[in-house]
Amino acid sequence: MTILEALASGPSEYVGSGTNPDAERFVGTLKVQKLLGGIALMLHYEARLNSGEVVHAESTLLAPDMSGTLSLWPVMSELPGVLPHRAISQGDAAATFSSGSREDRSSFREEITISISTDGSLKYAHAWGMPGGEFADRSSCTLRPR
């Protein structure tokens, strides 16, 4: 089962906790909205500190592109536009999406990993590197159905 199929057939809301790049703990929420009967999904993800401050907001279209490759088109609070990500690895109810090669130090590059465990928990993780900087895991959140 692809991550698209798993998310489309699962709960529409998740909540959990995670850590951001500044090592701050946050409460994460993920809302899943089916589009056109589930052939695509809109994911609304938010990370909020205990103070109530939103430190990350993201709305992401998850769908196959015209070649059939599962892709993400996220709009994030930290970026000025859409940065397309194509699936670079897929497993049962899991996928990693990339905006470019992690070795390409000439540009910003990012990987977003979404996976659902057999216990129903969902992991949403971001790894990235700034131009000239190291690529590393930066933020992750483990969420459970609400």
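The structure under discussion appears in the preceding block.
This section reports on the structure supplied with the text. (Residues numbered from 1 in each chain as written. Predicted model: local features only at pLDDT ≥ 70, side-chain atom pairs only at ≥ 80, totals over all residues. Heavy atoms only, no water.)

1. Examining the sheet that holds strand β10 (residues 136-145)
Reasoning step 1: The strand order β1-β2-β3-β4-β5-β6-β7-β8-β9-β10 describes a closed barrel built from 10 strands, whose pairing is antiparallel. Between one strand axis and the next, the sheet turns by 25 degrees as a mean value, whatever way the strands run. (Pairing = 2+ DSSP bridges. Helix = DSSP H or I, 4+ residues; strand = E, 2+ residues; numbered from the N terminus. Axes fitted to C-alpha atoms, helices over the stretch in contact; angles between N-to-C directions.)

2. Describing the pattern of salt bridges
Reasoning step 1: All chains considered together, the criterion is met by 6 salt bridges.
Reasoning step 2: Among the ionic pairs, E111 bridges to R102, the shortest N-O distance being 2.7 Å.
Reasoning step 3: Among the residues examined, E111 registers a relative accessible area of 9% and is labelled buried.
Reasoning step 4: As a salt-bridge pair, E134 and R105 come within 2.8 Å of each other at their nearest N and O atoms. Of this pair, E134 sits in the loop between β9 (122-129) and β10 while R105 sits in the loop between β7 (94-98) and β8 (109-116); the two residues are 29 residues apart in sequence, bridging distant segments of the chain.
Reasoning step 5: Judged by its relative accessible area of 39%, R105 is partly exposed. (Salt bridge = Lys/Arg side-chain N within 4 Å of Asp/Glu carboxyl O. Buried < 20%, exposed > 50% of the residue type's maximum accessible area, 1.4 Å probe, protein only.)

3. Looking at the environment of V27
Reasoning step 1: As for its placement among the helices and strands, V27 is situated in strand β2 (residues 25-35).
Reasoning step 2: Once the C-alpha coordinates of V27 and G16 are considered, the two residues, 11 residues apart in sequence, prove to be 5.7 Å apart.

4. Quick word on the environment of G28
Reasoning step 1: Looking at the element boundaries, G28 is found in strand β2.
Reasoning step 2: When neighbours within four sequence positions are excluded, G28 is seen to be in contact with Y14, V15, G16, S17, E46, C141 and L143. (Contact = heavy atoms within 4.5 Å.)

5. Here we look at the nonpolar core
Reasoning step 1: Core analysis: the biggest nonpolar cluster contains 29 residues, and L7 and I114 have the highest contact counts within it.
Reasoning step 2: Going through the elements one at a time, α1 (3-8), β2, β3 (40-48), β5 (70-76), β7, β8, β9 and β10 are the ones with two or more residues in this core.
Reasoning step 3: Element by element, the count of residues in this core is highest for α1, at 5 residues.
Reasoning step 4: Contact partners of L7, with chain neighbours within four places excluded, come to Y14, V32, L41, L43, L62, I114, I116 and L122. (Core = buried A, V, L, I, M, F, W, Y, C linked by side-chain atoms within 4.5 Å.)

6. Describing the packing of aromatic side chains
We describe a pair of aromatic rings using the distance from one ring centre to the other and the angle between the two ring planes.
Reasoning step 1: Enumeration according to the criterion identifies 2 aromatic pairs in this entry.
Reasoning step 2: Consider the rings of Y45 and Y124, whose centres lie 4.4 Å apart with planes at 35 degrees: the pair is tilted. With Y45 in strand β3 and Y124 in strand β9, the pair connects residues that are 79 residues apart, well separated along the chain.
Reasoning step 3: Relative to W128, the ring of F108 has its centre 6.2 Å away and its plane inclined at 35 degrees; by these criteria the two rings are tilted. Placement of F108 in the loop between β7 and β8 and of W128 in strand β9 is noted, with a sequence separation of 20 residues between them.
Reasoning step 4: The aromatic ring of W128 is capped on one face by R138, whose charged end is 4.3 Å from the ring centroid. (Phe/Tyr/Trp six-rings, centres within 6.5 Å; stacked < 30°, edge-to-face > 60°. Lys NZ or Arg CZ within 6 Å of the ring centre and 35° of its normal.)

7. Comments concerning the pairing of β9
Reasoning step 1: The element β9 is largely enclosed, with a buried count of 6 among its 8 residues.
Reasoning step 2: With 8 bridges connecting them, β8 and β9 associate as antiparallel partners. Bridge pairing links S115 to K123 in β9.
Reasoning step 3: Hairpin connection from β8 to β9: 5 residues lie between these consecutive antiparallel strands, with G120 at a positive phi of about 95 degrees.
Reasoning step 4: Pairing geometry for β9 and β10, over 7 bridges, is antiparallel. If you follow L122 over to β10, its bridge partner there is L143.

Nothing here speaks to function; it is all geometry.
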